[in-house]
Amino acid sequence: DTGVSQDPRHKITKRGQNVTFRCDPISEHNRLYWYRQTLGQGPEFLTYFQNEAQLEKSRLLSDRFSAERPKGSFSTLEIQRTEQGDSAMYLCASSLEAWKGEKLFFGSGTQLSVL
Amino acid sequence: EDQVTQSPEALRLQEGESSSLNCSYTVSGLRGLFWYRQDPGKGPEFLFTLYSAGEEKEKERLKATLTKKESFLHITAPKPEDSATYLCAVQALGAGSYQLTFGKGTKLSVIP
């Protein structure tokens with residue numbers, strides 16, 4: 001169990017540029033989540049995959065955000081035309097399907113700074 | 001809409017000084033309440049899941065309890081390495097409800 005891996009750890013970009021983050025979940029986990037966290041706040045849900053299917057997406061998520069999980073393995077999160085308000089820590093988490101609640105394992109996140 | 005409120009926002013304790021963190025929640029139906037620990041620059045680390053009122057879980061110096069409206073994380077004789085932000089989250093019942101709703105956390109500092 002090598003844990004959830006995220007790349008890059010830090011990303012600095014200029015407003016209006018596109019950025020893409022990668023997440024490699026724990027190998028046997030079929031569920032994958034993206035969360036966003038700003039300073040002093042708890043993580044905020046963005047989207048959820050079960051295998052390769054995107055089953056839930058936050059109502060608050062702008063259409064500039066898109067996520068994929070091809071073949072149910074790694075996942076990418078792309079932000080198009082970045083804005084300063086997109087600056088945050090982007091967290092990926094994975095879990096095994098469980099009928100009673102979700103025990104999420106989080107990666108260390110990608111810290112995005114939009115200048 | 002599910003809501004989680006944690007108090008206090010920050011807590012400073014002397015080493016060995018026991019205390020409790022509070023998590024108040026509103027949810028249409030509770031699938032589970034979760035406690036996580038987060039160190040600076042890291043992702044949250046799972047501590048406990050509680051499912052029903054009256055349930056308790058323990059791990060080393062930490063003990064989590066649950067009522068119908070709130071949860072407490074009791075810290076007994078804390079050590080400096082317990083310093084971290086402690087996050088509470090809820091997951092609602094219902095088909096297709098996969099997301100966790102987090103509180104803002106309590107930042108705990110344990111002074112030697």
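Heads up: the structure comes first, above all this text.
A short tour of the structure in this document, coming up. (Residues numbered from 1 in each chain as written. Chains lettered and ligands numbered in written order. Predicted model: local features only at pLDDT ≥ 70, side-chain atom pairs only at ≥ 80, totals over all residues. Heavy atoms only, no water.)

### Re the environment of leucine 66 of chain B
All names here are of chain B.
Turning to step 1, where the next piece is worked out: As for its position among the elements, leucine 66 is in strand 7 (residues 62-66).
Turning to step 2, where the next piece is worked out: By relative accessible area, which is 4% here, leucine 66 ends up buried.
Turning to step 3, where the next piece is worked out: As a C-alpha pair, leucine 66 and alanine 53 span 13 residues in sequence and 5.1 Å in three-dimensional space.
Turning to step 4, where the next piece is worked out: Once you skip the residues sitting within four places of it in the chain, leucine 66 turns out to touch Tyr25, Leu30, Leu33, Leu50, Tyr51, Ser52, Ala53, Gly54, Glu55 and Ser71. (Helix = DSSP H or I, 4+ residues; strand = E, 2+ residues; numbered from the N terminus. Buried < 20%, exposed > 50% of the residue type's maximum accessible area, 1.4 Å probe, protein only. Contact = heavy atoms within 4.5 Å.)

### Quick word on the pattern of salt bridges
Residue and element names in this part refer to chain A.
Turning to step 1, where the next piece is worked out: Enumeration according to the criterion identifies eight salt bridges over all chains in this entry.
Turning to step 2, where the next piece is worked out: Across the pair arginine 22 and aspartate 24 runs a salt bridge, and its minimum N-O distance is 2.8 Å.
Turning to step 3, where the next piece is worked out: Overall, the relative accessible area of 28% leaves aspartate 24 in the partly exposed class.
Turning to step 4, where the next piece is worked out: A network of salt bridges, in which partner residues are shared, links Arg64, Glu83 and Asp86. (Salt bridge = Lys/Arg side-chain N within 4 Å of Asp/Glu carboxyl O.)

### Concerning the sheet that holds strand 7 (residues 65-68) of chain A
Residue and element names in this part refer to chain A.
Turning to step 1, where the next piece is worked out: Taken in spatial order, the four strands of this open sheet run 1-3-8-7, and their pairing is antiparallel. Edge positions in the open sheet fall to strand 1 (5-7) and strand 7, since each of these has one partner strand only. Across the sheet, the axes of successive neighbouring strands diverge by a mean angle of 15 degrees, strand direction being ignored.
Turning to step 2, where the next piece is worked out: For strand 3 (residues 19-24) and strand 8 (residues 75-79), the ladder comprises five bridges, and the chain directions are antiparallel. Along strand 8, the bridge assignment pairs threonine 20 with glutamate 78. (Pairing = 2+ DSSP bridges. Axes fitted to C-alpha atoms, helices over the stretch in contact; angles between N-to-C directions.)

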